[in-house]
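# Fold and contact review
Okay, here's what each chain looks like letter by letter:
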Amino acid sequence: MKRRSLTRAAIGVALAAAAVIGTTTGALAAPPPIPGPVGDQPGDSPEVGSARGMAIPTVPCDPAGPSASDGIMADQLNPQLRNKMAGYMNGYKVSCARVVTQAVKARGLNEKAAAIAVATIIVESSINNYSEAVDYDSVGLFQQRPSQGWGSPAECMDPVHATNKFLDVMQQFYPNGSWNNAPIGEVAADVQRPREDLRYLYGVEAGDATTIVNALWTGMGGGPKHPFGNGRVVTGRSADGRLEAFAAGADGVYHSWQTDPNAGWSTWRAEGGPRNAQLTIAANADGRLELFALSDSTLDHMWQTAPSGNWSSWANFGTGGYRVAAGNNADGRIEVFASNGSGVFHRWQTAPNGGWSGWEGTFGGPVNSRLAVENAPDGRLEVFALSDATFEHLWQTGVNGAWSSWENFGTGGHDVTVSYNQDGRLDVFASNASGVFHRWQTSPTAWSGWEGSGTITNAELATSRSVDGRIELFAVNASTASHTWQGRPNAAFSAWENFGTGGTEVAAGNNADGRIEVFGTSQAGVYHRWQTGFSTWSEWGWLNGSGPAVG
């Protein structure tokens, strides 16, 4: 299947046009001139660790300076790196990479965009925010030239400004997210335009840049983490970028994981645990994943003993119930919600990575409801609970704080999921016997009415987000699967498109490079399908063997 595709020839035309257009009007504005004359050595950067490099003054990337965790991360990264920065990462350089990565994340782009930016600053400045010109009038991490329109010297030394200028040019040269289809080094070189025989340098650093970004992305502070999904099959991404998948069988929970980021999958492993469970997965503040499995008689959990590491044995977490969901407070603490015949209850970490409170009621909530959790733009958790008869909504009244009373949100239905727009506004989706409906925030405190979108009835639902920040929605029932997506970020949705045959559950996640991967279950086992590019998909196939039957 192919849609919204941009050919490489079209990209070439865009690049050629950007190189010759000096001014333009309308939506497509010409990029600022590329720093330095075409053919320069990239940034004329001194060798990392050299006397010359150490003699050039630098300025902080984070106004508060490197944190203690930046130094710890540097020690963890050094043995993993293979090229220019191997053994040379320190707290200062990690702080610079962190600020650049945060700027990419704040813009609504994915880890690959961050890796493109970090590969560039490795080549250009060895991750030094130079305050004196190294080459011509080039300053800062990206060695941008004030005389060529990148901003004032102070702006070029501001990592957030410099990162966004870099991304402006990247997105003009590679419109509509097409940079996601090109190699990291090629995109960086197209933006920076080095001498032809030096273009390869950015590609050399692509792997290390990806390692650095993967380490920073999951555990970074400065913004809410968005929850993974919940259901009978779930997926979450480890701190090193690998997806991990869990499926609930009649004899317990089964587990498969990517052997490398963006790569193939392990064989299925039986993990025991509750039978025919409802599952949810969340990330601790330090990046360790934690899995919660709820049956009608027990709620148990297991967790990674180290980021990207092995898993613990099961431990009891509560009694049985109907559905379970989890999210992260803005400070990183996991909060778990479960429904049963008495309403909705929750339990939360008392400190990031730490111990747990006891269970506490939420003063109601629909009984035996399906649950979905998301973070508002300011990091407050919001909970959506859908039963057969009613739909209600609960939210934190302050960041990391107390909870509102339940508010009516609609009538009853079959399943619920929630996602967020590029601008942070939440979008809630629900299915019933008439099809799939959604309503969205029109402001931080106001909601649209419900809007129908047709398609299949009584569907299981899952959402993910494309590399350019568009919500994509997947629906499956016993006879068919279907798919719709936003035409652009923060905008309306496409018509529904067939996505396969029927099944019993659906889940979706993002690979380390941003490509969406979808998981479907049936009485025969677990299948998956993934983006092969920005707008193309693989066919359905077994997830390295059938895995458990999921009824």
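Remember, it's a predicted structure, so these values are computed and weren't measured experimentally.

Next up on the list: helix α5 (residues 111-125). With 15 residues, α5 extends 21 Å from end C-alpha to end C-alpha; this agrees with the ideal 21 Å at 1.5 Å per step. Within α5, 15 of the 15 residues are buried, leaving the element largely enclosed by the surrounding structure. Just downstream of α5 lies S126, where phi reads positive at about 55°.

Using the criterion set out here, one finds 20 aromatic pairs in the structure. Ring plane angle 75° and centroid distance 5.1 Å describe the contact between F391 and F409, whose orientation is recorded as edge-to-face. In this pair, F391 is assigned in strand β16 (residues 390-395) and F409 in strand β17 (residues 407-411), connecting sequence segments 18 residues apart. There is no split in this pair, since F391 and F409 are both buried. For the pair F391 and W450, a centre-to-centre distance of 5.6 Å together with 35° between the ring planes defines the contact as tilted.

A sheet is described by the order of its strands in space; here four strands give the open sequence β23-β24-β25-β26, paired in antiparallel fashion. Each end of this open sheet is capped by a strand with a single partner; those strands are β23 (460-465) and β26 (497-501). Direction aside, the axes of adjacent strands within the sheet are offset by 20° on average. Where strand β24 (residues 471-476) lies against strand β25 (residues 480-485), five bridges are found, and the strand directions are antiparallel. The partner of F474 across the bridge, within β25, is H483.

Here five strands make up an open sheet; going across it, the order is β1-β6-β7-β8-β9 and the pairing antiparallel. Both edges of this open sheet fall to β1 (230-231) and β9 (315-319), since each of them pairs with a single strand only. With five bridges connecting them, strand β7 (residues 289-294) and strand β8 (residues 298-303) associate as antiparallel partners. Of the residues in β8, the one forming a bridge with L294 is L299.

Our next topic: the packing of α5 against helix α8 (residues 184-192). For the pair α5 and α8, the least separation of the axes is 9 Å and the interaxial angle reads 60°. As far as their axial angle goes, α8 and α5 are oblique. Judged by the sense of rotation from one axis to the other, the crossing of α5 with α8 is right-handed. Residue-level inspection shows K112, A115, I116, A119, T120 and E124 of α5 in contact with α8, the latter providing I184, V187, A188 and Q192. When the residues that make up the contact of α5 with α8 are grouped by side-chain class, the tally is six nonpolar, two polar and two charged.

This paragraph deals with the pattern of salt bridges. Two side chains with opposite charge may pair up if their charged atoms get near one another. Across all of its chains, the model carries 19 salt bridges by this definition. Of the charged contacts, one joins R98 and D62 as a salt bridge, the two residues approaching to 3.0 Å between their closest N and O atoms. In this pair, R98 sits in helix α4 (residues 91-106) while D62 sits in the loop between α2 (51-55) and α3 (68-77), placing the two residues 36 residues apart along the sequence. Among the residues examined, R98 registers a relative accessible area of 12% and is labelled buried. A relative accessible area of 16% means that D62 is categorised as buried. For E271, the salt bridge identified is with R269, shortest N-O distance 2.9 Å. Here R269 falls in the partly exposed class, since its relative accessible area comes to 38%. Counted as one network, the salt bridges with shared partners bring together D62, D70 and R98.

Evaluated as defined, the whole model comprises one disulfide. Each sulfur of the disulfide joining C61 and C96 lies 2.0 Å from the other. An S-S torsion of about 85° defines the bridge between C61 and C96 as right-handed. Placement of the pair is C61 in the loop between α2 and α3 and C96 in helix α4, with a sequence separation of 35 residues. Neither C61 nor C96 differs from the other in exposure class; each is buried.

Before going further, it helps to examine unusual backbone geometry. The phi torsion at N458 lies on the positive side, around 45°, for a residue other than glycine. Along the chain, N458 falls in the loop between β22 (451-452) and β23. The phi torsion at N544 lies on the positive side, around 50°, for a residue other than glycine.

As a further point, take the pairing of strand β6 (residues 278-283). Across the six residues that make up β6, a large majority, six, are buried. Of the two faces of β6, the one holding Q278, T280 and A282 and the one holding L279, I281 and A283 are both buried throughout. Strand direction decides the pairing type here: β1 and β6, joined by two bridges, are antiparallel. Bridged to G231 within β6 is L279. Two strands pair when backbone bridges link them, and β6 and β7 are joined in this way by six bridges, in the antiparallel orientation. Across the sheet, the residue bridging to T280 is F292, located in β7. Connecting β6 to the antiparallel partner β7 that follows it, the hairpin turn spans five residues, and G287 within it adopts a positive phi of roughly 95°.

Thresholds, definitions, all that
Residues numbered from 1 in each chain as written. Predicted model: local features only at pLDDT ≥ 70, side-chain atom pairs only at ≥ 80, totals over all residues. Heavy atoms only, no water. Helix = DSSP H or I, 4+ residues; strand = E, 2+ residues; numbered from the N terminus. Expected span 1.5 Å × (residues − 1). Buried < 20%, exposed > 50% of the residue type's maximum accessible area, 1.4 Å probe, protein only. Phe/Tyr/Trp six-rings, centres within 6.5 Å; stacked < 30°, edge-to-face > 60°. Pairing = 2+ DSSP bridges. Axes fitted to C-alpha atoms, helices over the stretch in contact; angles between N-to-C directions. Parallel < 35°, antiparallel > 145°, perpendicular 65-115°, else oblique. Left-handed = near helix turned anticlockwise from the far one by under 90°. Contact = heavy atoms within 4.5 Å. Nonpolar A, V, L, I, M, F, W, Y, C, P; charged D, E, K, R; others polar. Salt bridge = Lys/Arg side-chain N within 4 Å of Asp/Glu carboxyl O. Disulfide = S-S within 2.5 Å.

On their own, these measurements won't tell you what the molecule is for.
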